[in-house]
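Analysis of the macromolecular model
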Amino acid sequence: MIPAAFDYTVAESADHAIQLLGEYGDEAKLLAGGHSLIPMMKYRLATPTQLIDVGRLDDLSYIRRENGHIAIGAMTKHAQLETSDVLAADCPMLQHVAALVGDPSVRHRGTLGGTLAHSDPASDLPAAVLALGGTIVAQGPNGTREIASSEFFTGYFESVLAEDEMIVEVKVPAGSAGWNYQKFNRRAQDWAIVGVAVADGGSGISLVNMGSTPIRATAAEEALAGGASIADAAALAAQDTDPPEDLNADGEYRAHLARVLTQRALEAANG
Amino acid sequence: MTATIGSRMLRKEDPKLLTGEGKYIDDIHAPGELWMGMVRSTMGHATITSIDTSEAMEMPGVHAVYTGEQLQEMGLWIAPLPCAWPVTEDMVNPPHFPVAVGEAKHVGEIVAVVLADSRYGAADAAEKVIVDYDSLPAVGSIEAAVAGDVMAHSDLESNKAFHWPLIPDPEGTEKAFAEAAHTVEARFVQQRLIPAPMEPRGCMAIPSPAGGDITFYSATQVPHILKVMIAATTGIAESKIRVIAPAVGGGFGGKLNVDADAILSVTLANHLGVPVRWTESRTEAAGSSHQGRGQIQYISAAADADGKITSVKVHLDADMGAYMMLITPGVPLLGSFLYTGVYDIPNLSFTCDGYFTNMTPTDAYRGAGRPEASYAIERIMDMMAHEIGITPEEIRARNYIAGGEAFENYDAASTLVFDSGHYRPAHDRALEMAKVADLRAEQARRRDAGEAKQLGIGMCTYVEICGLAPSRALGGLNYGAGGWEHATVRMLPTGKVEVVSGSTPHGQGHETAWSQIIADKMGVDPNDVEVLHSDTAKSPLGLDTYGSRSLAVGGVAIAMAADKVIEKAKLIAAHQFEAAPEDVEFEAGSFSVAGTPSKSVHIQELGFAAFAAHDLPDGMEPNLQEQVSFDPPNFAFPFGTHVAVVEIDTGTGGVELIDYVAVDDCGTQVNPLIVEGQVHGGIVQGAAQALFEVANYDEDANITNPSFMDYLVPSAAEMPSIQLDSTVTPSTSNPLGVKGVGEAGTIGSAAAVINAICDGLSPYGVTDMEMPATPQRVWQAINNSNGGAA
Ligand SMILES: Cc1cc2nc3c(=O)[nH]c(=O)nc-3n(C[C@H](O)[C@H](O)[C@H](O)COP(=O)(O)OP(=O)(O)OC[C@H]3O[C@@H](n4cnc5c(N)ncnc54)[C@H](O)[C@@H]3O)c2cc1C
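Below you will find a few notes about this structure. (Residues numbered from 1 in each chain as written. Chains lettered and ligands numbered in written order. Predicted model: local features only at pLDDT ≥ 70, side-chain atom pairs only at ≥ 80, totals over all residues. Heavy atoms only, no water.)

1. Observations regarding the overall build of chain B
Of regular secondary structure, chain B possesses 21 helices and 28 strands. What you see for chain B is a C-alpha radius of gyration of 28 Å, in line with the 28 Å of a compact globule of 790 residues. Projecting the C-alpha coordinates of chain B onto the three principal axes gives extents of approximately 85 × 75 × 50 Å. Buried residues in chain B amount to 63% of all 790 residues. Contacts in chain B between residues far apart in sequence, at least 24 positions, make up 79% of those at least 6 positions apart. For chain B, the accessible surface area stands at approximately 27,700 Å², while carbon and sulfur atoms represent 51% of it. A gap of 4 Å separates the mean positions of the 48 positive and 100 negative side-chain charges of chain B. (Helix = DSSP H or I, 4+ residues; strand = E, 2+ residues; numbered from the N terminus. Rg over C-alpha atoms; globule rule 2.2 N^0.38 Å. Buried < 20%, exposed > 50% of the residue type's maximum accessible area, 1.4 Å probe, protein only. Contact = heavy atoms within 4.5 Å. Areas by Shrake-Rupley, 256 points an atom, 1.4 Å probe, with all protein chains shown as cover. Lys, Arg positive; Asp, Glu negative; His and termini not counted. Charge placed at Lys NZ, Arg CZ, Asp CG, Glu CD.)

2. Some thoughts on the side chain of B:Gln516
As for its placement among the helices and strands, B:Gln516 is situated in helix H16 (residues 510-522). At a separation of 2.7 Å, a polar atom in the side chain of B:Gln516 contacts the side chain of B:Asn671. (Polar contact = N/O pair within 3.5 Å; in protein donor to acceptor, adjacent residues only side chain to side chain.)

3. Describing the nonpolar core
The biggest cluster of nonpolar side chains holds 153 residues, and the ones touching the most others in it are B:Phe162, B:Phe216, B:Ile757 and B:Met769. Those residues in contact with B:Phe216 that sit more than four places away from it in its chain are B:Cys203, B:Met204, B:Ala205, B:Leu226, B:Ile230, B:Arg242, B:Val243, B:Ile244, B:Ala262, B:Ser265 and B:Val266. (Core = buried A, V, L, I, M, F, W, Y, C linked by side-chain atoms within 4.5 Å.)

4. A look at the interface of chain A and chain B
Taken together, the contact pairs 24 residues of chain A with 34 residues of chain B. For the pair chain A and chain B, the summed buried surface comes to about 2,300 Å²; carbon and sulfur atoms form 57% of the total. Interface area lost by chain A to chain B is led by A:Ile2, A:Arg186 and A:Arg187, which between them contribute 30%. Put simply, chain A and chain B have 3 salt bridges between them. (Buried area = accessible area lost by both parts, 1.4 Å probe. Salt bridge = Lys/Arg side-chain N within 4 Å of Asp/Glu carboxyl O.)

5. Details of the pairing of strand S26 (residues 639-649) of chain B
Consecutive side chains of a regular strand alternate in pointing toward one face of the sheet and then the other. All names here are of chain B. Most of S26 is tucked away: 11 of the 11 residues are buried. What you see with S26 is no split at all: Phe639, Thr641, Val643, Val645, Glu647 and Asp649 on one side and Gly640, His642, Ala644, Val646 and Ile648 on the other are buried throughout. Bridge analysis of strand S18 (residues 453-463) against S26 gives 11 bridges, and the strand direction is antiparallel. Residue pairing across strands places Ile457 opposite Val645, the latter belonging to S26. Where S26 meets strand S27 (residues 655-665), 10 bridges bridge the pair, whose relative direction is antiparallel. Paired with His642 across the two strands is Ala662, which belongs to S27. Taking the residues between adjacent antiparallel strands as the criterion, S26 and S27 are bridged by 5 residues, where Gly653 takes a positive phi near 85°. (Pairing = 2+ DSSP bridges.)

6. Some points on the packing of helix H17 (residues 550-577) of chain B against helix H18 (residues 603-612) of chain B
All names here are of chain B. Two numbers describe how H17 lies on H18: the axes approach to 10 Å, and their chain directions differ by 80°. Of the possible angle classes, the one that applies to H17 and H18 is roughly perpendicular. Facing Ile566, Ala569, Ile572, Ala573 and Gln576 of H17, the residues of H18 in contact are Ile603, Leu606, Ala609 and Ala610. Looking at side-chain class alone, the contact of H17 with H18 contains 8 nonpolar, 1 polar and no charged residues. (Axes fitted to C-alpha atoms, helices over the stretch in contact; angles between N-to-C directions. Parallel < 35°, antiparallel > 145°, perpendicular 65-115°, else oblique. Nonpolar A, V, L, I, M, F, W, Y, C, P; charged D, E, K, R; others polar.)

7. Quick notes on helix H13 (residues 423-433) of chain B
Residues and elements named next belong to chain B. If you check which residues of H13 are buried, you get Tyr423, Ala426, His427, Ala430, Leu431 and Met433. Here the buried residues of H13 occupy an arc of 165° about the axis, which is enough to place them on one side. Where H13 terminates, the next one or two residues include Lys435, which has phi positive at roughly 55°. (Arc of directions from axis to C-beta.)

8. Remarks on a negative patch on the surface
On the surface, B:Asp52, B:Glu55, B:Glu58, B:Asp132 and B:Asp134 cluster together into a patch of negative charge. Overall, B:Asp134 belongs to the partly exposed group, its relative accessible area being 47%. (Patch = residues over 30% accessible without salt bridge, like charges linked within 9 Å, V, L, I, M, F, W, Y side chains within 5 Å.)

9. With respect to the pattern of salt bridges
Residue and element names in this part refer to chain B. Applying the stated criterion across every chain, the model contains 50 salt bridges over all chains. The partner of Glu647 in a salt bridge is Arg446, with the nearest N and O atoms 2.9 Å apart. Linking Glu647 in strand S26 with Arg446 in helix H14 (residues 436-449), this pair joins segments that are 201 residues apart in sequence. Classification of Arg446 by relative accessible area gives buried; the value is 12%. Each of Glu442, Arg445, Arg446, Glu451 and Glu647 takes part in a single network of salt bridges with overlapping partners.

10. Describing the packing of aromatic side chains
Each aromatic ring pair is described using two quantities: the centre-to-centre distance and the angle formed by the ring planes. Overall, the coordinates contain 17 aromatic pairs over all chains when judged by the stated rule. With centroids separated by 5.1 Å and ring planes inclined at 35°, the aromatic side chains of A:Tyr253 and B:Trp779 adopt a geometry described as tilted. Pair noted here: A:Tyr253 is in helix H12 (residues 251-269) and B:Trp779 is in helix H21 (residues 775-783), and the two residues belong to different chains. With relative accessibility at 0%, the residue A:Tyr253 sits in the buried group. On the basis of relative accessibility, which here comes to 6%, the residue B:Trp779 falls in the buried class. When the ring of B:Trp164 is compared with that of B:Phe350, the centres are 6.0 Å apart and the planes differ by 70°; the resulting orientation is edge-to-face. You can see B:Trp164 sitting in strand S7 (residues 160-166) and its partner B:Phe350 sitting in strand S15 (residues 347-356), a full 186 residues away along the chain. Both residues of the pair, B:Trp164 and B:Phe350, count as buried. (Phe/Tyr/Trp six-rings, centres within 6.5 Å; stacked < 30°, edge-to-face > 60°.)

11. A look at a nonpolar patch on the surface
Residues and elements named next belong to chain A. Together, Met1, Tyr43 and Leu45 make up a nonpolar patch on the protein surface, roughly 290 Å² of accessible area in all. Within the element layout of this structure, Met1 appears in the segment before strand S1 (7-10). Its relative accessible area of 35% is what places Met1 among the partly exposed residues.

12. Describing the site of the ligand
Residue and element names in this part refer to chain A. Taken together, 29 residues lie near the ligand, and Leu30, Gly34, Leu37, Thr111 and Asp124 sit nearest. A distance of 2.7 Å separates an oxygen atom of the ligand from a polar backbone atom of Leu37. In this structure, an oxygen atom belonging to the ligand sits 3.3 Å away from a side-chain N or O atom of Ser123. The set of elements that each furnish at least two residues to the shell around the ligand consists of strand S2 (28-31), helix H7 (112-118) and strand S10 (166-173). Looking at the shell around the ligand, the element that brings in the most residues is H7, giving 4 residues. Residues of the shell around the ligand, tallied by class, amount to 12 nonpolar, 13 polar and 4 charged. (Near = heavy atom within 4 Å.)

13. Observations concerning the sheet that holds strand S12 (residues 194-199) of chain A
Residue and element names in this part refer to chain A. If you trace the 4 strands from one edge of the open sheet to the other, you get S11-S12-S13-S14, paired in antiparallel fashion. Among the strands making up the open sheet, the edge pair consists of strand S11 (180-184) and strand S14 (215-216). Pairing of S11 with S12, which is carried by 5 bridges, proceeds in the antiparallel orientation. If you follow Phe184 over to S12, its bridge partner there is Val194. Where helix H8 (residues 124-132) meets the sheet, its contacts fall on S11, S12, strand S13 (204-208) and S14, and the angle it forms with S13 comes to roughly 160°.

This is the structure we're talking about:
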């Protein structure tokens, strides 16, 4: 519970943070809400010697409507998503999912950019962004690029982000048609044992904690698009997944949960 | 109105604790203090082939690094860490030194100690100590210990530490089984639990600059026991050791030990002449603090054709962990007397085998042996009801001691005598509060409709042994101490009352309860009462807090000492009134002569008279101060009925506790608010065992979930709003009629919750559910169902 020694710099801007990332290389880590990074440092699973604090960059904290989509600053906290009128009207799923992350203190610290960059397959918001077909805007030394959420996650705690890149914004399509999120866990503040996000009546179905990244339940999506019943589509939810095994669940049980929760989510989204 | 016995007085200790003014061990610092950083075994069982401390020594702020071998050579102690309860003459008790020498026997055992001038520096340096291990086969479960293919201690020929029987009437037991109309048997697993108090453990030893005295601060439940044991282990004279327990943030038994860190900080501080301290980190605690439970129970019950239970037979295989700690071997035996529960069962046969494993040592954890016993008998009662085809309510009603009527001095098959009981009223009240009849109708409706969420209703009628303990009874069990408690009451010159308590709070609210007892007895404002405790310099005599003993032993001692002060004050009052003591009456704090109420003197005014001693009766010693060491003539046996209601999601296997009713009887209540707080916490702790918590070890004896991310302590969000009521059946074991309530909730709730789950799943042919009832286990049980709907 005692982290190794590190230095700490407050970034003055996204540009400054990226410049520092360039200078320090793999010694450095961006610090946003700190609610994933600091626990890892306390267990000495992460031992960065330089922390670059981007959590105070207020100009990266916003939620606004832009033509056809909603733009969210990377440093927007889960609690801000939870209480956003813009999301309530135009992307209620993201608002709902944010309210299910951890406990109030986690939600008042953790950020949307941080949780996406962390790329934990057990996290809620990455799967929601994936089901919604969102886009991640990353800034590096040579400017910004947009990355489709379906291209973003590459493995356990891994994404396509380069070492000197920072997430600055997340875009999700506006829309409140047929959505639902099922989170199954044992204690209110815990990560999902399995979670299922359904967007747009079922054209986007994504799974939490069913592989090394948040994943789309492609077989179920396709079956549904092809006219299958909800029950038949849900039965395909775990197809081609390789769920992790831990104290809460073995693979077979996770696959079962994925099917049950997908069915429930689809029924609720279309009910 | 002044608060008295029975008032819901707000706790005196809370303003300080709630505003952050409480000083816990980690808030206390001494100039020049050094921090210990423990290098702990990462192996369940291994030979330590070499320890390289050179890099650690070079780290900034590091003063010293010691290996077990070096410490042993320094001769800092005269005995291994103590076990005060050698349960049998031939119990195997391998020496357990503060730091391992040669062989590490559990993950978390200390193999070297760093001393540095900061906590962070100590942690950094501890990481640089390089330990080479040759791994040895490890015993990672009770089953493996019993099988005996692998030895937990390489130099032992068996993992078995002792065999302990309690079979008062062997023939009676066998006959009952031979003649039984019904028998049931079961195997239950009491998984290991981590005590997890809010404040982790910690300590600091401060040597005095001259004279060789040591002040030892410790987050402990047992400063008095610690003082004696530190003296016995280190050879430092008791008179030179002062133990202080500052504000202590919970313990649940986890702070009832003499741990390696205590002996290391005392001896290193003494050796180096500087303060030495340590604070446990949360993950470290899985290996540095003892764990609870850890038993496999084999139980069978016999009943006649009317469903009257005639005998219970129990065998335990109990997991000691790698070593015997303070009362490790005694814990499972504390339950032995309770396997007949609240029932009039004439025969009991109990045996326990204690086994060594390569896991963290076990020891007392809230209820210590009694929740395990209550669980087994209450589960087997439901199984017997099922076997006979009657309801859980009915089988209990048919078997209550005295038919559920009030009784005193019941001779139990275990040979103990139950002080008092009256079981039926709590049973009836709990079923009524839970609206069990309505719940059964709703349960039937959901079953018929084949709904995904099914209801389960479970009950538990428990009894426990509190007020530990009559010293002779402890002697009979070969326990290494008595069970009395000491109290002093002083009326000070200013009229304030000073109470010195031998029992030591770590969250229970002793200051409040003791003030109420004094207020009630002496007719003073409870705010005029100051309670001194938790410091062996202020309270030299005491046996501390565990086993729901504080009120039933320590509180009674306070009341008795108050009575003696009143008696003496009465003589002074009579002297002042020039009346015979027999004619002096005492009422609401005032003495007066019978028939002339106009002339009166308040007891608080007599404090000064006794202090000044200008005009005391001839031959009377000055001062109003009395002491009592109360050794209870018997234990106290609180009881109650708990009802748990669960909703089971048959799709996911998720179980939600949706209602919980507890009707407890702890005898006379001094402060019902404190009673309710104890019951709430206890219920959640037992429900946590049923649903959430397990210290999980793999077969190499590695703990796989040492952090709060994986060791699931439930929060308020997982618990229903608990409904409480109580009945009052005074104890006959003490003059206050009090019984103890610190562990009651825990003792009733695990069985109630599992009974509820088994009830809910009965259409699926499920008859048992291992704890914790994880969603996966519940889903598998449904999946394996032979009957069921889904
Ligand atoms: C007790 C607890 C319970 C939790 N429960 C849940 C839960 O139920 N569901 C859930 O989804 N999550 C949960 N979390 C995680 C929480 O949501 C985290 O806040 C989140 O995952 C990470 O966000 P952060 O802002 O705290 O990131 P940080 O911890 O600051 O950073 C995480 C990682 O992302 C990097 N990073 C941060 N910001 C950026 C950026 N803009 N660009 C590039 N890299 C960046 C950091 O360098 C680091 O590697 C829980 C956390 C805790 C402590």
